[in-house]
There are 2 protein chains.
Amino acid sequence: MEKRDLLYFCTACRDKSIEDIEKIKCTIPHVLKTYKKGEYIAYQGDKVAHIFLLTKGKVKTEIVSDPGLTLHIEEIGAPYPLAAAFLFADRNFFPVDVVALEDSEVIKIRKEVIEEQMAKCPFFLRGFMAFTANRMQFLSERLKIFSLKGIKTKVAFFILQHTRGEEFEIGQSIASLAEYFGVERPSLSRALSEMVHDGIIEYKSGRGKIINRSELEIILNDV
Amino acid sequence: MEKRDLLYFCTACRDKSIEDIEKIKCTIPHVLKTYKKGEYIAYQGDKVAHIFLLTKGKVKTEIVSDPGLTLHIEEIGAPYPLAAAFLFADRNFFPVDVVALEDSEVIKIRKEVIEEQMAKCPFFLRGFMAFTANRMQFLSERLKIFSLKGIKTKVAFFILQHTRGEEFEIGQSIASLAEYFGVERPSLSRALSEMVHDGIIEYKSGRGKIINRSELEIILNDV
DNA sequence: CTAATTTGGTAACATTTGTTACACTTGCTA
DNA sequence: TAGCAAGTGTAACAAATGTTACCAAATTAG
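Residues numbered from 1 in each chain as written. Chains lettered and ligands numbered in written order. Predicted model: local features only at pLDDT ≥ 70, side-chain atom pairs only at ≥ 80, totals over all residues. Heavy atoms only, no water.

1. Observations regarding the overall build of chain A
The condition is simple: In this description a helix means any DSSP run of H or I spanning at least four residues, a strand means any run of E spanning at least two, and both kinds are numbered starting from the N terminus. Based on C-alpha atoms, the radius of gyration is set beside the globule rule, defined as 2.2 Å times the residue count to the power 0.38. Throughout, exposure labels follow a simple rule: accessible area from a 1.4 Å probe, protein chains only, divided by the maximum for the residue type, with under 20% read as buried, over 50% as exposed, and the rest as partly exposed. Any two residues having at least one pair of non-hydrogen atoms within 4.5 Å are treated as being in contact. Here the accessible surface of atoms and residues is derived via Shrake-Rupley with a 1.4 Å probe, and residues count as covered only by protein chains that are part of the display. His is not counted here, nor are the chain ends, while Lys and Arg score as positive and Asp and Glu score as negative. The atoms used to mark charge sites are NZ of Lys, CZ of Arg, CG of Asp and CD of Glu.
Regarding its fold elements, chain A presents nine helices and 11 strands. In summary, chain A has a C-alpha radius of gyration of 22 Å against a globular reference of 17 Å for 223 residues, an excess of more than 25%. C-alpha atoms of chain A, sized along the principal axes, occupy 60 × 50 × 30 Å. Counting all 223 residues of chain A, 46% fall into the buried class. For chain A, the share of sequence-separated contacts (at least 6 apart) that also reach a separation of at least 24 residues comes to 68%. Approximately 11000 Å² of chain A is accessible, and the part contributed by carbon and sulfur atoms is 51%. Of the side-chain charges in chain A, 32 are positive and 32 negative, and the distance between the mean point of each set is 3 Å.

Given below as structure tokens:
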């Protein structure tokens, strides 16, 4: 473990060199644990009393609904704070099992220690808040896109959000945009083609232009 | 404004009587603003430097993509903290306009003041963290449901999440469950009927029973 | 420069979901 | 008790999206 891992949330430490960080007398009580591939890091229903900073390795989460039958949920790679959303929530228990997919390393910091550190170090407080706020923002945006029905509606929303003036850039491949929307690539491709055909937008190789803005609005407001 | 509004996030104050709260010498610098119906509370692109506690009234958010053409996003009623996700985020500007739908009252507290208060009062810190964590949890769950393709998949996930043993309860009307899933009521109704017909579950008036659990798992893992 | 790989457009068809309308139940109210 | 409203199941049809396969364009590797 590097000391930097422990100061993951501290905006003042994040960019410091390893040497500088060694000099800081900022001590945070914690436990360092290593897990072999296949070991359980946390169990469904466990109370979340620590931050779990995954510093090395990779884990998966799964729901066990019946002995022998498990349901895979997602994979998470280091470095990442596990269970950050649960530590301070009213329903503060693990909704899933967490299992090491590779040999992994986890720093566990007690909730009370996190609270103290936030009270003590403004940079840590800001870093922690920034982490949760950024994640909330990310989730909000994705949920907004997902809640829009119809691929053209998603496209219209995306374009209106990513344009100032008349021209927009997709900034990523069609394939990854389709994944972002949660639809199949050919479906997105078809929707785009139809919108071009209908004279609503122009589009070519990642760049586009709004032709009929009010039509875009209509697509969106019809929802 | 009630003083309680100002201590919205403080878990120690939330349940106190108005009289008790009056006795607390906990002062938080703030600005109280009132807006007439139709007035703008914040503009798209504004830097978010305050928490906006909506204490009275109702607001809407909208994207203005072109003069005269606006896109309605959502309505928010008091009491609710506006822009809580943006205050500490790296991208800390309003993504929307915020407009008063009724005569409204807003408490504005500067970011620095919030930080100080969190450092000073553990109850405020916890309350604030609980608010953001609960919201993150809510968003995560909804996003999970939305990201599952196919109504039966959503149903399977929902059931496996809401059951210990063999029996489950929907705990809400089919209509509101359909809304939660983001699908139409008859579609959900059809999916349930088919699952009953296929011998996967039993279901009657809000209560159900898993008949073929492994089939449920298959539906989910096929995704 | 050419071949190989990736990326994107398109078409035909299958599947899912939405839409609309109606019947039936339940609980409540006049 | 009759009548009304809300909630639900269902069916026929329409519309949207997924699936699969193939080709063309763009990019990369050699």
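2. Some remarks on empty space enclosed by the protein
Residue and element names in this part refer to chain A. What counts is decided by this rule: Computed over the protein atoms alone on a 1 Å grid, cavities are sets of points where a 1.4 Å probe fits but cannot get out and pockets are open sets with protein on both sides within 12 Å along at least five of seven lines; a residue lines them when it has an atom within 4 Å of a point. Grid points are joined across faces, edges and corners, and a volume is the space filled by probe spheres set on the points. When residues are sorted by character, Ala, Val, Leu, Ile, Met, Phe, Trp, Tyr, Cys and Pro go into the nonpolar class, Asp, Glu, Lys and Arg into the charged class, and all the rest, Gly among them, into the polar class.
Counted under the stated rule, the structure contains three cavities of 30 Å³ or more. In this structure, the largest cavity encloses a volume near 50 Å³. If you go around the largest cavity, the residues you meet are Val155, Phe158, Ile159, Phe168, Ile170, Leu177, Leu192 and Tyr203. Here the lining of the largest cavity gets three residues from one element, more than from any other, and that element is helix H6 (residues 151-161). Along the lines of polarity and charge, the residues of the lining of the largest cavity split into eight nonpolar, no polar and no charged.

3. Brief notes about the sheet that holds strand S11 (residues 207-210) of chain A
All names here are of chain A. Here is the rule we go by: DSSP bridges decide pairing: two strands pair if at least two such bridges lie between them. Each axis is a line fitted through C-alpha atoms, and for a helix only the stretch in contact is used; angles between axes span 0 to 180 degrees, taken between their N-to-C directions.
An order of S9-S11-S10 is seen for the three strands of this open sheet, with the pairing classed as antiparallel. Unpaired on one side and paired on the other, strand S9 (167-169) and strand S10 (201-204) mark the two borders of the sheet. Recorded for the sheet is a direction-independent mean angle of 20° between the axes of neighbouring strands. Strand direction decides the pairing type here: S10 and S11, joined by four bridges, are antiparallel. Each residue of the ladder has a partner; that of Tyr203, found in S11, is Gly208.

4. What to know about the domain arrangement of chain A
The following threshold applies: For each domain, the first and last residues come from an automatic or database assignment.
Looking at chain A, the domain boundaries give domain 1 (3-142) and domain 2 (148-221). The centre of domain 1 of chain A, based on its C-alpha atoms, is set 37 Å off from the matching centre of domain 2 of chain A.

5. Here we look at the interface of chain B and chain A
What counts here: Buried area counts how much accessible surface, traced with a 1.4 Å probe, disappears from two parts once they are put together, with both parts' losses summed. A pair is scored as a salt bridge if a Lys or Arg side-chain nitrogen falls within 4 Å of a carboxyl oxygen belonging to Asp or Glu. Here a polar contact means two N or O atoms within 3.5 Å. Within protein one must be a hydrogen donor candidate and the other an acceptor candidate, and residues neighboring in sequence count only if both atoms are side-chain atoms.
Listed as interface residues are 49 residues of chain B and, on the opposing side, 49 residues of chain A. Approximately 4600 Å² of surface area, both sides summed, lies buried where chain B meets chain A, with 62% of it carried by carbon and sulfur atoms. Here Glu141(B) ties to Arg91(A) by a salt bridge, and the two come within 2.6 Å at their closest N and O atoms. Run the count over chain B and chain A and you get 10 residue pairs in polar contact (both at pLDDT 80 or more). The set of elements that each furnish at least two residues to the side of chain B that touches chain A consists of strand S4 (58-66), strand S5 (69-77), helix H3 (84-87), helix H4 (111-120), helix H5 (122-147), helix H6 (151-161) and helix H9 (213-221) of chain B. Per element, the largest residue contribution to the side of chain B that touches chain A is 19 residues, and it comes from H5(B).

6. Considering the pattern of salt bridges
Residue and element names in this part refer to chain A. By the definition in use, this model includes 20 salt bridges over all chains. Here Glu166 makes a salt bridge to Arg213, at a shortest N to O gap of 3.0 Å. Placement of Glu166 in the loop between H6 and S9 and of Arg213 in helix H9 (residues 213-221) is noted, with a sequence separation of 47 residues between them. For Arg213, a relative accessible area of 8% gives the class buried.

7. A short note on the sheet that holds strand S9 (residues 167-169) of chain B
Residue and element names in this part refer to chain B. The sheet built from three strands is open, its strands ordered S9-S11-S10 with antiparallel pairing. Either end of the sheet is taken by a strand with one partner, and the two such strands are S9 and strand S10 (201-204). Looking at each pair of strands side by side, their axes are set apart by 20° on average, direction ignored. Direction of pairing for S9 relative to strand S11 (residues 207-210): antiparallel, over a ladder of three bridges. What sits directly across from Phe168, in S11, is Gly208.

8. Comments concerning the packing of aromatic side chains
Inclusion rule: Two aromatic rings, drawn from Phe, Tyr or Trp (for Trp, its six-membered ring), form a pair once their centres lie within 6.5 Å of each other, and the interplanar angle then sorts them: stacked below 30 degrees, edge-to-face above 60, tilted otherwise.
All told, the structure shown has 14 aromatic pairs over all chains when counted by the stated rule. Ring centres of Phe52(B) and Phe94(B) lie 5.5 Å apart, and the angle between their planes is 85°; on these two criteria the pair is classed as edge-to-face. Here Phe52(B) is found in strand S3 (residues 50-56), whereas its partner Phe94(B) is found in the loop between H3 and strand S7 (97-100), with 42 residues between them in sequence. Assigned by exposure class, Phe52(B) and Phe94(B) land together as buried. An aromatic cluster of three or more residues is present, and its members are Phe88(A), Phe124(A) and Phe128(A).

9. Notes on the side chain of Glu105(B)
Position of Glu105(B) among the secondary structure elements: in strand S8 (residues 104-110). Within the local environment of Glu105(B), its side chain forms a polar contact with the side chain of Thr55(B), the two groups lying 2.7 Å apart.

10. Thoughts on the protein's contact with DNA strand D
So the rule is basically this: If a single non-hydrogen atom of a residue is within 4 Å of a molecule or strand, that residue counts as near it.
Around DNA strand D, the surrounding shell holds 16 residues, and the nearest of these are Gly150(A), Ile151(A), Ser187(A), Ile174(B) and Ser193(B). By atom count, sugar and phosphate contribute 55% of the portion of DNA strand D lying within 4 Å of the protein. The separation between a phosphate oxygen of DNA strand D and a polar main-chain atom of Ile151(A) is 2.8 Å. When contributions to the surface near DNA strand D are tallied by element, the ones reaching two or more residues are helix H8 (185-197) of chain A together with helix H7 (174-181) and helix H8 (185-197) of chain B. No other element matches H8(B), which puts five residues into the surface near DNA strand D. Split into classes, the residues belonging to the surface near DNA strand D amount to seven nonpolar, five polar and four charged.

11. Observations regarding the environment of Asp97(A)
All names here are of chain A. Assignment of secondary structure puts Asp97 in strand S7 (residues 97-100). C-alpha separation for the pair Asp97 and Glu62, spaced 35 residues apart in sequence, amounts to 5.2 Å. Contact partners of Asp97, with chain neighbours within four places excluded, come to Tyr40, Ala42, Tyr43, Gln44, Lys60, Thr61, Glu62 and Val64. Among the polar contacts made by the side chain of Asp97, one reaches the main-chain amide nitrogen of Gln44 at a distance of 2.6 Å.

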